[in-house]
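One letter stands for each residue in the lines below.
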Amino acid sequence: MWKYPIKYDVIVVGAGHAGSEAAHASSKMGAKTLLLTMNLDTIAKASCNPSIGGIGKGHIVKEIDALGGIMGKIADKTGIHFRMLNSSKGWAVRAPRAQIDKAHYSLEMKKLLENTTNLELKQFTVKDLICENGCVTGVSTIEGVIFEAKSVILSSGTFMKGLMHIGDSNFSGGRSGDLSSNNLSTSLKNLGFEIKRLKTGTPPRVHKRSIDFSKLEAQHPDDNVRFSYDDVEQKLNFKIPCYISYTTKRTIEVVKRDLDKSALFSGKIEGVGPRYCPSIEDKVVKFAKKDRHQAFLEPEGLNTVEYYINGLSSSLPFSTQLEFIQSMVGLEKAEIMRPAYAIEYDYMPSTQIYPTMETKLIKNLYFTGQLNGTTGYEEAAAQGLIAGINAYNKIFGKEEFILKRDESYISVMIDDLTTKEILEPYRMFTSRAEYRLLLRQDNADLRLREYGYELGLIDEEKYQKVKEKKKIIKSEVSRLSKIHKTIDGRSFSLKKLLSRVENSYAKLLKDYPEDFFDYKKEVNDQIELEIKYEGYINRQKKDVQKLKDLEKIKLPKNFNFEKVQGLRYEAIEKLMKFTPQNLETASKINGVSFADISILIIALQNKKSFIN
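Computed from a prediction, not measured in an experiment: that's the story for all the values here.

Trainee: How should I be thinking about the environment of W91 in this particular structure?
Mentor: As for its placement among the helices and strands, W91 is situated in the loop between strand 4 (79-85) and strand 5 (95-100). Each C-alpha atom, one on W91 and one on R440, is 6.7 Å from the other, the two residues being 349 residues apart in sequence. Aside from chain neighbours lying at most four places away, what touches W91 is R440, Q441, D442, D525, L529 and Y533.

Have a look at this one:
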C-alpha cells in the first residue's frame, strides 16, 4: 500500500446524491475535501426514476436549496417537465416534481463539483476503513492507495454487496452496468457494525418508437414551477409531456401465471422492499381486487429514446416482462431496451448514528443515504448535506448542526431514522411530519436560509434578499389588519377579507389597488398564506403542546383503531399488532408518525366512539 502524500479534512466515499451534497457542503465551508468514486462518469446518476421531487421529497429539495445545497439548482437547470403535485389541495401538501434529463443532470453535477474550491475528485474503489483508537483516520483502496483524513463520510448507496435479480438469474452489481463493492461491508462488520439487507427495484425502459402515444393520456407540465430560490442560468426550457398507460386483465394474468419465477416471490431475495414503491408482482398480489394499475411513461432525457415506465418495477424473467409490457395500453409493440430488475444490498440500521449522521461506534465516521436504510435521491442528498456540514463543524471545533422537527422535513427524517427501527426502506411523505402546516415547500427559505448563511453556504446577497422578504411579509400582515373597508354596512379589515376562502391576494389586488401592493407572486402568496393559515397554525401549536406529556394519555385495551378517521393504514396495522398502553409507547412504534399521534389525541377526546 502506498500512502497518498496529502492529508484531507474530509473524505467522501461515493459520488451519488448523498456524496455530492456532502462533498460540496464540506468543501464550500472550507474543509479540504476528497470525493472518491468508483466511476467519475456516473456522478449523481439517477439510476432509477429520471425525476427529482414529489410528495415530501419536493419539500426536502427546497430545504436543501434553502440551506445552500445544490440538488434543486441542478434539477432546475436540467429539468424537462415540471409539475406542482396536489395543486388542487391545501398548500401544506403541494410539492414540486421534475422530470430531468438524467445524463445532463449527472454532467452538470460533475461540472459543478469539479469547479468547487477545496474539492478534489478521484476515481478509486474503497475497500477498507482505517481506524485508530476508535476513530477513523482514512481509507484504503483496491488500487493500493491509502488516503488519510480527519473524517470520512460513507455514502455507498446500493453498492455494498449489491446483488441484482432478473427471474432465476442473479449477479453482482450496484446497479445495471456497474460493479458492486464487496470489501467495504466486511470492513464495517469487522469494526463491529450491525449490517442487514434491503431490496429495491427498477422498471423496464422501452424504446420511444415502439410506443403508441395516440392510445395514451398526455400529462403536460405546469408553468412557473422550480426548486431553487435563486436564479438558475442556462435552463433547458423544454416542456416535454409524460404519458399515462394502464395494465389490462391480460397483464395481471401473465404476472400471476409466472409469480413463481419472480425472484421476490420465489424466496431468492432476503431483503425487505419499499412499501410505497411496490413491484408489479406486489401490486397484483396485495391489490387482487383491482383490475388495472396505472403506469407513467417518462422520458429519460432529450437525447435518448428511452422511456421509464414508472410503477412497473419487477424481478420477473425478461420473457415475462416483455409479455406483460406488451399487454398494456399503448405498449402492444413495445421494445424493452433495459429489463427491470430487483437489487438487494447491505445497509446499516440507522440506530447506529447520531442526528449529526456521525456513527456511535467510530468517531468522525459518518453514514449517509441508502446506507442508512432510506430510499430516494432526495432523502440521500439531505443526509449528505447534514453530514458534510457536521463533519466540517466537528473538525473546526464548531457546534453540531441539528435541526428540530418543527423546522424541516430533513429533521423529521433524521429524527425518525435515529429514534425508530427501520425495517423497510424509509421514504419521506408529508404525513410523517406533525408540523406540516409550518413546513410547507413554499416557505423553506424563510425557515432555513438564515442557517445556510450562518454556516457559510449562503452568501450575503441571498441572505439579505430573504431578510427583506420576511420584513415585507410581517409588515404587510400587520398593515392589512389595520385597514378597514365597509361592505354591506359592516366593517372588515383587509386581513379579514383576505382570510376568506373566496378571496385571494391577486383578486384583492385588483379590487383594492390603492391598499394592496404587488410584491410579485412569491411574496404575495406568503402574505396570503400567513393570513389564511393563521388559525390552523395556532390550533396546531396548541396540539403540539399536548404531545409533550404523551405517557399520561392512556389507550384503552379494546380501542378500535380501524374506526379512527384519517389514521393511515400502516399506523392501524402496527397499532393493532403492538396494542400500546399509552401514546408515548405508540409514538415509538415504527410506522406510526407524529401526525398519527395527533389524530389519536383528537379521537381520545371522544374515546367511547372507538371502544369495541
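Trainee: Whenever I open this one, the pattern of salt bridges confuses me. Can you help?
Mentor: If charged atoms from side chains of opposite charge come close, those side chains can pair. Applying the stated criterion to the full structure yields 47 salt bridges. In this structure, E570 engages R568 in a salt bridge whose closest nitrogen and oxygen atoms are separated by 3.2 Å. Both residues of the pair, E570 and R568, belong to the buried class. Here the salt bridges do not stand alone but share partners, grouping R250, E253, R257, D258, K261 and E323 into one network.

Trainee: Help me understand empty space enclosed by the protein, please; the structure alone is not making it clear to me.
Mentor: To find leftover empty space, a probe the size of one water molecule is rolled over the atoms. A full pass over the atoms with the stated rule returns two cavities of 30 Å³ or more. Each residue belonging to the lining of the largest cavity can be placed in one class, and the counts come to six nonpolar, three polar and six charged. A volume near 30 Å³ is recorded for the second largest cavity. Put simply, the parts of the chain that give the lining of the second largest cavity at least two residues each are strand 12 (196-202) and strand 19 (341-347). Residues of the lining of the second largest cavity, tallied by class, amount to two nonpolar, five polar and one charged.

Trainee: Is there a simple way to think about the side chain of S411 in this case?
Mentor: Topologically, S411 is positioned in helix 10 (residues 409-419). For S411, a relative accessible area of 5% gives the class buried. Within the structure, S411 has its side chain in polar contact with the backbone oxygen of K404 (distance 2.5 Å). When residues no more than four places from it in sequence are discounted, the contact partners of S411 are L403, K404 and R405.

Trainee: Please explain the packing of aromatic side chains as it appears in this structure.
Mentor: What describes a pair of aromatic rings is the distance from one ring centre to the other and the angle between the planes of the rings. According to the stated counting rule, one finds 14 aromatic pairs in the structure shown. Relative to F147, the ring of Y4 lies with its centre 5.1 Å away and its plane at 45°, an arrangement referred to as tilted. In this pair, Y4 is assigned in strand 1 (residues 2-13) and F147 in strand 9 (residues 145-154), connecting sequence segments 143 residues apart. According to the relative accessible area criterion, F147 is buried, its value standing at 0%.

Trainee: Explain the nonpolar core here, please?
Mentor: In terms of nonpolar packing, the biggest core is built from 90 residues, with I11, I52, Y105, V139, F147 and F367 touching the most fellow members. Broken down by element, the residue count for this core peaks at nine residues, all from helix 9 (residues 377-395). With near-sequence residues (within four places) excluded, V139 lies in contact with I11, V13, L36, V126, D128, L129, I130, V145, I146, F147 and V152. I211, I280, L297 and L316 belong to the second-largest nonpolar core, a separate cluster that totals 22 residues.

Trainee: Any chance you could explain the environment of K45 here in plain terms?
Mentor: In this structure, K45 sits in the loop between strand 2 (33-37) and strand 3 (51-53). We classify K45 as partly exposed; its relative accessible area is 25%. For the pair formed by K45 and S169, sequence separation is 124 residues and the distance between their alpha carbons is 25 Å.

Trainee: I would appreciate a short explanation of the packing of helix 9 against helix 10 in the present structure.
Mentor: The relative placement of two packed helices comes down to the angle between their axes together with the axis-to-axis distance. Close contact between helix 9 and helix 10 brings their axes to 10 Å; oriented N to C, the two are set at 85°. Taken together, the axis directions place helix 9 and helix 10 in an arrangement best described as roughly perpendicular. Only I410, M413, I414 and L417 of helix 10 make contact with helix 9, whose side of the interface consists of E379, A382, Q383 and I386. Within the contact of helix 9 with helix 10, the residues separate by chemical class into six nonpolar, one polar and one charged.

Trainee: Would you explain the sheet that holds strand 12 in this entry?
Mentor: Strands in a sheet are paired, the pairing made by backbone hydrogen bonds, and the direction either parallel or antiparallel. Strand order in this open sheet of four strands is 11-10-19-12, and the pairing throughout is antiparallel. Strands with a single pairing partner mark the edges of an open sheet, and in this sheet they are strand 11 (169-172) and strand 12. The sheet shows a mean angle of 25° between the axes of neighbouring strands, taken without regard to direction. In terms of strand pairing, strand 10 (residues 163-166) meets strand 19 through three bridges, oriented antiparallel. Its bridge partner lying in strand 19, L163 is registered against E344.

Trainee: What is the right way to look at the pairing of strand 21 (residues 484-487) in this model?
Mentor: Consecutive residues of a regular strand have side chains that alternate between opposite faces of the sheet. Note that strand 21 and strand 22 (residues 490-493) share four bridges and pair antiparallel. The partner of H484 across the bridge, within strand 22, is S493. Where strand 21 folds back onto strand 22 in an antiparallel hairpin, the turn is made up of two residues, including D488, whose phi is positive at roughly 55°.

Trainee: When you look at the state of the cysteines in this model, what are you seeing that I'm missing?
Mentor: Note: disulfide means a covalent bond formed between the sulfur atoms of two cysteine side chains. Overall, the coordinates contain zero disulfides when judged by the stated rule. C131 forms no disulfide, and the closest cysteine sulfur to it belongs to C135, at a distance of 7.6 Å. Assessed through its relative accessible area of 25%, C131 is described here as partly exposed.

Trainee: Looking at this structure, how should I read helix 5 (residues 183-191)?
Mentor: For an α-helix, the turn length of 3.6 residues means that residues three or four places apart are oriented alike. What helix 5 keeps buried is the set L184, S185, S187 and L188. Along the axis of helix 5, the buried residues cluster in a sector spanning 160°; they form a single face. Structural note: helix 5 exposes K189 and N190 on the side pointing more than 90 degrees away from its buried face. The inward-facing, buried residues of helix 5 abut strand 7 (126-132), strand 9, strand 19 and strand 20 (365-367).

Trainee: It is not clear to me how helix 19 (residues 594-604) should be interpreted in this structure. Could you clarify?
Mentor: Here helix 19 lies mainly inside the structure; eight of its eleven residues are buried. By the burial criterion, the buried members of helix 19 are F594, A595, D596, I597, L600, I601, A603 and L604.

Trainee: Just checking my understanding: could you explain the sheet that holds strand 17 (residues 306-310) for this structure?
Mentor: Strand order in the open sheet made by the six strands is 14-15-16-17-13-18, with antiparallel pairing throughout. Of all the strands in the sheet, the pair left with one neighbour each is strand 14 (217-219) and strand 18 (336-338). The sheet shows a mean angle of 35° between the axes of neighbouring strands, direction not considered. Direction of pairing for strand 13 (residues 205-207) relative to strand 17: antiparallel, over a ladder of three bridges. Following the sheet pairing, R205 is matched in strand 17 by Y308.

Trainee: Before we go on, may I ask you to explain unusual backbone geometry in this structure?
Mentor: Excluding glycine, residues mostly carry a negative phi; peptide bonds, for their part, are mostly trans. Phi at N133 takes a positive value of approximately 50°, unusual for a residue other than glycine. Looking at where N133 falls in the secondary structure, it is placed in the loop between strand 7 and strand 8 (135-141). The exposure class of N133 is exposed, given its relative accessible area of 84%. The phi dihedral of M357 falls on the positive side, at around 85°, and the residue is not glycine. Note on placement: M357 falls in the loop between strand 19 and strand 20.

Cut-offs and rules
Residues numbered from 1 in each chain as written. Predicted model: local features only at pLDDT ≥ 70, side-chain atom pairs only at ≥ 80, totals over all residues. Heavy atoms only, no water. Helix = DSSP H or I, 4+ residues; strand = E, 2+ residues; numbered from the N terminus. Contact = heavy atoms within 4.5 Å. Salt bridge = Lys/Arg side-chain N within 4 Å of Asp/Glu carboxyl O. Buried < 20%, exposed > 50% of the residue type's maximum accessible area, 1.4 Å probe, protein only. 1 Å grid on protein atoms, 1.4 Å probe; cavity = no way out; pocket = protein on both sides within 12 Å on 5 of 7 lines; lining within 4 Å. Points joined across faces, edges and corners; volume = space filled by probe spheres on them. Nonpolar A, V, L, I, M, F, W, Y, C, P; charged D, E, K, R; others polar. Polar contact = N/O pair within 3.5 Å; in protein donor to acceptor, adjacent residues only side chain to side chain. Phe/Tyr/Trp six-rings, centres within 6.5 Å; stacked < 30°, edge-to-face > 60°. Core = buried A, V, L, I, M, F, W, Y, C linked by side-chain atoms within 4.5 Å. Axes fitted to C-alpha atoms, helices over the stretch in contact; angles between N-to-C directions. Parallel < 35°, antiparallel > 145°, perpendicular 65-115°, else oblique. Pairing = 2+ DSSP bridges. Disulfide = S-S within 2.5 Å. Arc of directions from axis to C-beta.

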